[in-house]
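Architecture and fold: a report
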Amino acid sequence: KKKTEKEREKPHSRHLRMALKALFCGAETDLTHTAQQAVRDEGWQVGILDAQARNPELVVFTHAAAMDAKKSSTSLLSIRKTHPLSFVIVLTSDDSVLLRTQFFAQSEVHMVTGAWEEVAKAAQRLQRQLLAPEKAGEALTECPLCHRGQLTVAALCQHFPMYHIGFRQEQRLMCPVRGCRVQATKNLQVHLHNEHGPNPEADEPIEFYHFALVMCRHKGRYLLVQEFSRLGYWCPGGRVESLETFREGAVRETLEEAGVKVRLTGLLRLEHYPQDGYVRMRAIFTAEPADPTDVQPKTQPDFESQGAAWVTYEEMQSIPLRGHEPLKWAKYLEEGGAVYPLDLLKEAK
C-alpha cells in the first residue's frame, strides 16, 4: 500500500512505544534513592539490577565509601560484559581522582559522578538518542564499536562521544554514515563531529594555531581534564577561535572541558613554535574558580572530554597524564615559581 505524501514527510520513531529501563545496583544510600526518583521523573522504568535483567538502557552502580574498590571494579566489569549496550554510571560521593581513574581503566564504565543531578541529565541525553525521530526515508546506521543499531545520523553523533569518548583508535575505521565521502578515517570521533554533527566544519587550510591552557588551583588541588581515547589527564585548554582572545579562549575551554568557570590570575608562560608549514603559539595561564562555592568539576562525557577532577600535586604523580607538562608546571607553582601579570600579554580585537 502506497503512503500518502503527508505520511512520507511525517517524522516517526522506532522506539516511540518503548519504555526505557534504568536499573540500579551496588549500595543503597540516600544518594541512590534521590537519583532513582530523578530518573523516574524523566519517564524511565526504574528497578533493581539482578540476574534476570535483560538489556537495560541505563545501569547505575552506587559505590559507597565503605565498599572495597577492587570488588566494585570487578562487579562493574561483569555488568559491562553482561550488558554491553547499557550506559553504565558509577554514582559515588568519593571524589578521589585515583578511584575515578580505576573505574574507567579497570571496569570500562561510561561515567563517574557524585551528583544525582548528573545521573538525571545523562538519562535525558539517552532519551534524546534512543527516542530520536527519524525522517521518512532516512537510512539508519549502526555504531561500529558497540554495534548498537537503529540510530539516526544525529543520534550516532550524540552516541559516539557519550559511550566511546575513552576509545583509543589505533587503526583507520570506516564511517558508518551512508554516502559519506570519507571511506576511512584515523579519528572517527572527530570525523563524526566535524562532518556529520550539528555544525559541520569546512576543510579550510590553517597556517597559524593558537592555544590557551589553564593551570587552575583551588585549596591545594589542580583542575585536570580526562582526555578522550584514554590519553590521560591534562590541563583544560584548547584552540583559540576566530575573533577570540587568548584569555577568552582559556575561560571558554576550561568551562567546556572541565565544567568550572574560572578567573584568570596570571600568565605562566608564552610559547612560540615555528614548524614546517605552520606556526603554533600557546599561552599558559594560572587561574582560580570564579565562584569558590561552585567548583564541582564536569562528569558528563561528551566530545570535549570524559570529565574532570581536582588533583593534588602528589596525586598527579600517580595518575596517567597525556604529557609531563601539567606535572612540571604544578611543581613550578608549588615551589613558588614566578607568575607574570596578565597585562604582559597585550590583546586587542
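Not measured: the values here are computed from a predicted model. (Residues numbered from 1 in each chain as written. Predicted model: local features only at pLDDT ≥ 70, side-chain atom pairs only at ≥ 80, totals over all residues. Heavy atoms only, no water.)

1. Section: the packing of aromatic side chains
Summed over all chains, the structure comprises 2 aromatic pairs. For the pair Phe 87 and Tyr 163, a centre-to-centre distance of 5.2 Å together with 75° between the ring planes defines the contact as edge-to-face. Placement of the pair is Phe 87 in strand β4 (residues 87-92) and Tyr 163 in helix α6 (residues 153-164), with a sequence separation of 76 residues. Residue classification places Tyr 163 among the buried residues on the basis of a relative accessible area of 7%. Judged by centre distance (5.3 Å) and plane angle (80°), the rings of Tyr 209 and Tyr 278 are edge-to-face. Here Tyr 278 lies in strand β13 (residues 278-289) and Tyr 209 lies in strand β8 (residues 208-218), a separation of 69 residues in the sequence. (Phe/Tyr/Trp six-rings, centres within 6.5 Å; stacked < 30°, edge-to-face > 60°. Helix = DSSP H or I, 4+ residues; strand = E, 2+ residues; numbered from the N terminus. Buried < 20%, exposed > 50% of the residue type's maximum accessible area, 1.4 Å probe, protein only.)

2. A look at helix α2 (residues 30-41)
Taking 1.5 Å per residue, 12 residues should reach 16 Å; α2 reaches 17 Å between its end C-alpha atoms and fits that length. Of all the positions in α2, only Thr 32, Ala 35, Gln 36, Ala 38 and Val 39 are classed as buried. When α2 is viewed along its axis, its buried side chains cluster within an angular range of 165° and face the same direction. Exposed and facing more than 90 degrees away from the buried side of α2 are Asp 30 and Asp 41. Along its buried surface, α2 packs onto β1 (21-26), β2 (45-48), β3 (58-63), β4 and α5 (116-130). Taken from the residues just after α2, Gly 43 is the one with a positive phi, measuring 95°. (Expected span 1.5 Å × (residues − 1). Arc of directions from axis to C-beta. Contact = heavy atoms within 4.5 Å.)

3. Digging into the layout of surface pockets
Estimates place the volume of the second largest pocket at around 430 Å³. Phe 104, Gly 166, Phe 167, Arg 230 and Gln 306 are, among the 22 residues lining the second largest pocket, the residues nearest its centre. Elements with a minimum of two residues in the lining of the second largest pocket: α4 (97-107) and α6. The element contributing the most residues to the lining of the second largest pocket is α4, with 3 residues. Broken down by class, the residue content of the lining of the second largest pocket amounts to 11 nonpolar, 7 polar and 4 charged. (1 Å grid on protein atoms, 1.4 Å probe; cavity = no way out; pocket = protein on both sides within 12 Å on 5 of 7 lines; lining within 4 Å. Points joined across faces, edges and corners; volume = space filled by probe spheres on them. Nonpolar A, V, L, I, M, F, W, Y, C, P; charged D, E, K, R; others polar.)

4. Concerning the environment of Ser 305
Mapping Ser 305 onto the fold places it in the loop between β13 and β14 (307-311). A sequence separation of 29 residues divides Ser 305 from Glu 334, and the C-alpha atoms of the two residues are 26 Å apart. When residues no more than four places from it in sequence are discounted, the contact partners of Ser 305 are Ile 165, Val 225, Gln 226, Glu 257, Lys 298 and Gln 300. Side chain to side chain, Ser 305 and Lys 298 meet in a polar contact 2.9 Å long. (Polar contact = N/O pair within 3.5 Å; in protein donor to acceptor, adjacent residues only side chain to side chain.)

5. Looking at helix α3 (residues 69-82)
The end-to-end C-alpha distance of α3 is 20 Å, a good match for the 20 Å that 14 residues give at a rise of 1.5 Å each. For α3, the complete set of buried residues consists of Ala 69, Ser 72, Ser 73, Leu 76, Ile 79 and Arg 80. Angular distribution of buried residues about the axis of α3 spans 120°; they occupy a single face of the element. For α3, the exposed residues set more than 90 degrees away from the buried face come down to Lys 70, Lys 71, Thr 74, Lys 81 and Thr 82. Along its buried surface, α3 packs onto β1, β3, β4 and α4. For α3, the N-terminal cap is Asp 68; the gap from its side-chain oxygen to the backbone nitrogen of Lys 70 is 2.9 Å.

6. Focus: the pattern of salt bridges
Taken as a whole and judged by the stated rule, the model has 17 salt bridges. As a salt-bridge pair, Arg 181 and Glu 195 come within 3.2 Å of each other at their nearest N and O atoms. Placement of Arg 181 in the loop between β6 (173-174) and β7 (184-185) and of Glu 195 in helix α7 (residues 188-196) is noted, with a sequence separation of 14 residues between them. When its relative accessible area of 60% is taken as the criterion, Arg 181 is described as exposed. (Salt bridge = Lys/Arg side-chain N within 4 Å of Asp/Glu carboxyl O.)

7. Things to note about the side chain of Ser 229
With respect to the helices and strands, Ser 229 occurs in the loop between β9 (221-226) and β10 (233-234). Beyond its immediate sequence surroundings of up to four residues, Ser 229 is in contact with Ile 165, Gly 166, Phe 167, Arg 168 and Gln 169.

8. Some points on the side chain of Arg 148
Structurally, Arg 148 can be placed in the loop between α5 and α6. Buried and unpaired, Arg 148 has Glu 57 as its nearest opposite-charge partner, separated by 5.7 Å. Residue contacts for Arg 148: discarding those within four places in its chain leaves Leu 85, Leu 130, Thr 141, Glu 142, Cys 143, His 159 and Tyr 163. (Lys, Arg positive; Asp, Glu negative; His and termini not counted.)

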